[in-house]
Amino acid sequence: MKTAEMQIPPARTAACLARSVVNTLAEEPGLEAVTIDAEHDKISLATLGRGPREGIEPLTRRVTNRIQAALDRGSCSLLEGGSDCGVCDKPLSSDERKNIVIRRHGPATTISRATCPTAPTFWRWRDLPLPKVVPRDVEFLREAEHIDEHINEWKAQLAAAILCGVLGLAGVFSGEPFKIVFYAAAYLAGGFFQVEEIWERLQQRAIDVHFLMIAVAVGAACIGAWGEGATLLFLFSLSGALEHFALGRTQKEIRSLFRDAPKVATLIDRLGAEREIRVEEIRTGMKLLIKPGAQFPVDGEVAKGATAADESNLTGESTPVDKRIGETVLAGTINLWGAVEVVAQKPAAESALQKIIKLIREAQQQKAPAQRLADKFSTRYTYFVLALSLVMFFVWWLGARLPAFADVGAMHGAFYRTMTLLVVSSPCALVLSIPSAVLAAIAFGARHGILFRGGAAVEKLAAINTVALDKTGTLTTGELRVERVESFPAGREIEMARLAYSLERLSTHPLARAITLYGRQQNLQPIEIQKFESVTGHGLRAQWKGQDYYLGKRDWILNFNNGNLPASVETGSGVSEIWISGGDSLGRILLRDDIRPQAREVVDELRREKLRMVVLTGDRKSAAENLRDRLNLDDVRAELKPEDKVAAIRELSGQERVAMVGDGVNDAPSLAAAYIGVAMGGRGADAALEQADVVLMHDKLENFLAAFRLSRRARKIIYWNLFISLGTVVVLVSLAMLGKLPLTIGVVGHEGSTVVVVMNSLRLLFGSNKS
């Protein structure tokens with residue numbers, strides 16, 4: 001894949017990496033310093049001695065990934081004495097500057113930990129190439145442009161196969177010397193694409209089934225069996241064309257999911273002037289004008305105007321979604337009727353649409369464990385078949401006293417029998433039995449909003465016996481809304497709302513998004529707070545006018561409120577509460593999140609599939625018990641922090657194969673710990689999507705049931721494919737060893753099983769997905 005490079009002045013390149021390097025040093029104890037040399041396109045990493053215990057490779061991979069992400073986002077001026085940064089929107093704090101040392105030496109900049117003067121003498125430096133700035137969205141578009149060639153490749157192969165068949169028939173009904181001419185032309189047509197693939201494999205010092213088939217065809221010609229050789233090439237090229245048709249259909253199904261992405265966008269600059277820029281030039285914070293009928297080029301937030309968006313290609317919902325100030329719009333969706341101004345939240349390469357495309361591309365490259373085993377087996381098996389055929393030639397020739405190359409009446413010679421054995425024992429159908437089914441399952445799933453991250457995910461989902469679900473955004477709609485704001489004593493509701501808005505606008509939790517949206521729609525003015533801190537599993541902490549303020553769960557707020565909260569305060573089912581405390585201020589915000597209408601039906605269907613249903617939630621016990629009763633769940637565990645969820649997953653995994661279904665940042669560790677992780681991906685957090693093996697893009701809980709049934713169908717078809725392919729080989733090889741199988745019948749049986757396997761896999765694309 002070609003990459004587009006962006007020329008960046010050396011000083012600016014170092015500047016845009018500053019925040020990324022500082023954060024990396026804080027999170028990687030094994031890393032001592034990083035030198036960035038843009039002029040020579042390299043970075044250098046310093047570790048103490050041999051580096052971290054896990055090895056240097058994981059560390060270098062993490063560092064280069066962070067630098068690539070920083071380059072993608074844009075530049076900053078931290079190293080040039082500036083106070084703003086396009087990456088982090090704030091300068092290095094005084095505390096951060098105390099812990100690091102920034103040195104310039106020529107075109108290079110070194111950022112290191114503040115340490116004793118002798119420590120650098122023990123550092124070990126390693127040079128790496130500087131990652132290039134790559135507009136990844138353009139890569140995907142370029143890749144998509146080349147997909148057409150592969151989608152239609154089967155047409156040329158089918159034409160060659162038909163030509164081979166016609167020329168072979170002409171040879172059958174022709175006399176000398178035209179018979180040989182027609183057969184030779186049939187060989188050329190039927191073997192053209194096969195020889196091309198053989199040459200590619202030989203350059204890699206490997207052989208496969210194509211080599212075996214061409215070898216048999218040439219051998220047949222050598223003993224005068226031109227007809228059998230032409231039949232072999234016709235059927236083999238025909239099955240190859242059908243194989244490429246199946247794979248091309250899979251690619252076509254995937255590509256049809258996405259409309260052509262916009263290549264330009266209208267930028268509104270600081271003076272209010274409008275100009276067109278390329279989509280890959282869009283950076284976080286840019287203001288864009290989106291006209292009616294146009295696609296949103298990046299994920300963003302409505303800053304001015306109102307409209308409705310068609311999100312059917314991402315969420316599966318054909319009903320337009322209203323978009324007002326403060327609400328999020330997604331790249332690739334269509335602005336239906338209103339002109340709106342949108343502030344970009346992410347570069348185009350990090351949009352939800354591009355993440356979907358990237359996930360699918362990765363999925364097609366990742367093999368299932370069974371496929372990896374079959375690939376390893378088939379390679380060794382190919383060499384075994386060659387050796388066996390050679391041995392059997394001498395057994396028939398020297399042991400059974402058969403003629404080496406000539407036929408005696410109806411009795412075929414040793415070489416003829418060897419060619420027959422070579423054909424029927426080659427692993428064509430076996431090689432295709434697993435990947436054809438896996439790719440068909442991935443394509444069917446992608447068309448219906450289910451993204452499997454490779455064949456392993458398809459295989460593993462079919463084996464689960466327990467489903468652990470997060471509550472918010474999974475069993476509930478995730479569309480939290482502020483129901484009311486209360487203060488104690490009454491009368492200070494607006495102040496409580498402003499405090500909550502000011503704190504939550506710096507957070508990414510679903511509760512925070514709802515409160516932030518409420519604040520913007522109410523035109524609340526944010527308060528300038530200091531020393532903001534997110535306390536994992538509890539809430540937020542900050543200072544205002546020298547006073548500490550806390551926002552979070554009821555139990556946590558009790559610690560800072562002398563253990564007193566109004567005794568009369570109660571919350572109903574389906575309602576979440578966030579408390580605010582600080583100084584003489586005390587209040588709470590009530591938010592409602594409704595259970596998905598289809599949740600009970602999906603849970604019942606999963607229980608009928610003999611799956612155990614468990615809910616892991618950070619919500620209160622009363623709300624969790626209410627959820628258990630309403631949805632008929634097997635087990636509910638409430639008031640869990642992220643680390644508690646991971647512990648619960650590990651406990652369940654001791655005896656069961658657990659699928660974890662979640663959507664938030666706090667679910668990411670649980671998704672990684674589970675046997676298989678499933679993310680609600682339409683609006684799910686990036687961290688959850690990164691850890692998930694399966695992504696449900698339509699944000700529909702029923703798609704998990706569909707994914708489970710699809711994986712079960714795929715597993716069943718794989719078993720049938722293996723039975724057909726191996727069974728055919730056993731029967732045909734047995735007959736060939738006994739000398740009871742003509743070459744023509746062997747060719748038809750062998751290629752027939754290949755066609756049957758491919759067609760059986762295509763049932764996943766065109767069949768229903770019901771158990």
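Preceding block: the structure.
Below is a summary of the structure that appears in this document. (Residues numbered from 1 in each chain as written. Predicted model: local features only at pLDDT ≥ 70, side-chain atom pairs only at ≥ 80, totals over all residues. Heavy atoms only, no water.)

### Describing unusual backbone geometry
- Residue P177 is reached from E176 by a cis peptide bond, and omega for that bond is -5°.
- Structurally, the position occupied by P177 is in the loop between α5 (153-172) and α6 (178-203).
- Residue P489 is bonded to the preceding F488 through a cis peptide linkage, with omega at 0°.
- Here P489 lies in the loop between β17 (481-487) and α16 (493-504). (Helix = DSSP H or I, 4+ residues; strand = E, 2+ residues; numbered from the N terminus.)

### Re a nonpolar patch on the surface
- On the surface, L390, F394, W397 and L398 cluster together into a nonpolar patch covering about 390 Å² of accessible area.
- Following the sequence through the fold, F394 ends up in helix α11 (residues 369-399).
- The partly exposed category is assigned to F394, whose relative accessible area is 38%. (Patch = residues over 30% accessible without salt bridge, like charges linked within 9 Å, V, L, I, M, F, W, Y side chains within 5 Å. Areas by Shrake-Rupley, 256 points an atom, 1.4 Å probe, with all protein chains shown as cover. Salt bridge = Lys/Arg side-chain N within 4 Å of Asp/Glu carboxyl O. Buried < 20%, exposed > 50% of the residue type's maximum accessible area, 1.4 Å probe, protein only.)

### A word on the pattern of salt bridges
- Under the defined criterion, the tally for this structure stands at 25 salt bridges.
- Of the charged contacts in the structure, one is a salt bridge between R492 and E495, with a shortest N-O distance of 3.0 Å.
- According to the relative accessible area criterion, R492 is partly exposed, its value standing at 24%.
- With a closest N to O distance of 3.2 Å, R628 and E625 form a salt bridge. Of the two residues, R628 and E625 both sit in helix α20 (residues 621-631), three residues apart, roughly one turn of that helix.
- Residue class for E625 comes out partly exposed when judged on its relative accessible area of 36%.

### A short note on the pairing of strand β7 (residues 274-278)
- Relative to β7, strand β6 (residues 264-268) is paired through five bridges, and the arrangement is antiparallel. Looking at the pairing, A265 lines up with I277 of β7.
- In sequence, β6 turns back onto β7 through a hairpin of five residues, with G272 there showing a positive phi of about 90°. (Pairing = 2+ DSSP bridges.)

### Examining the packing of aromatic side chains
- Going through the model one piece at a time under the given rule, you end up with 16 aromatic pairs.
- Aromatic pair F393 and F415: ring centres 6.4 Å apart, planes at 85°, arrangement edge-to-face. One end of the pair, F393, is in helix α11; the other, F415, is in helix α12 (residues 414-425), with 22 residues separating them in the sequence.
- Exposure remark for F393: the relative accessible area of 10% places this residue in the buried category. (Phe/Tyr/Trp six-rings, centres within 6.5 Å; stacked < 30°, edge-to-face > 60°.)

### Let's talk about the environment of A647
- Looking at the secondary structure, you find A647 in helix α21 (residues 642-653).
- Since its relative accessible area comes to 43%, A647 is described here as partly exposed.

### Focus: the packing of helix α19 (residues 599-608) against helix α24 (residues 702-737)
- Here α19 crosses α24 at 25°, and the two axes come no closer than 9 Å. One element, α19, and the other, α24, form an angle in the roughly parallel class. Between α19 and α24 the crossing geometry is left-handed. Along its contact with α19, which presents V602, E605 and L606, the element α24 presents E702, F704, L705 and R709.
- In the contact of α19 with α24, the residues fall into four nonpolar, no polar and three charged. (Axes fitted to C-alpha atoms, helices over the stretch in contact; angles between N-to-C directions. Parallel < 35°, antiparallel > 145°, perpendicular 65-115°, else oblique. Left-handed = near helix turned anticlockwise from the far one by under 90°. Contact = heavy atoms within 4.5 Å. Nonpolar A, V, L, I, M, F, W, Y, C, P; charged D, E, K, R; others polar.)

### Concerning the side chain of S711
- For S711, the location among the structural elements is in helix α24.
- There is a polar contact of 2.7 Å between the side chain of S711 and the backbone oxygen of F708. (Polar contact = N/O pair within 3.5 Å; in protein donor to acceptor, adjacent residues only side chain to side chain.)

### Describing the sheet that holds strand β10 (residues 307-310)
- Strand order in the open sheet formed by three strands is β11-β10-β13, and the pairing between neighbours is antiparallel. Unpaired on one side and paired on the other, β11 (321-323) and β13 (334-335) mark the two borders of the sheet.
- The pairing of β10 with β11 spans three bridges and is classified as antiparallel. Paired with A309 across the two strands is V321, which belongs to β11.

### Concerning the side chain of S761
- Along the chain, the position of S761 falls in helix α25 (residues 743-766).
- Here S761 falls in the buried class, since its relative accessible area comes to 1%.
- Among the polar contacts made by the side chain of S761, one reaches the side chain of S436 at a distance of 2.7 Å.
- Not counting residues up to four positions away in its chain, the partners in contact with S761 are S433, S436, A437, A440, I717 and N721.

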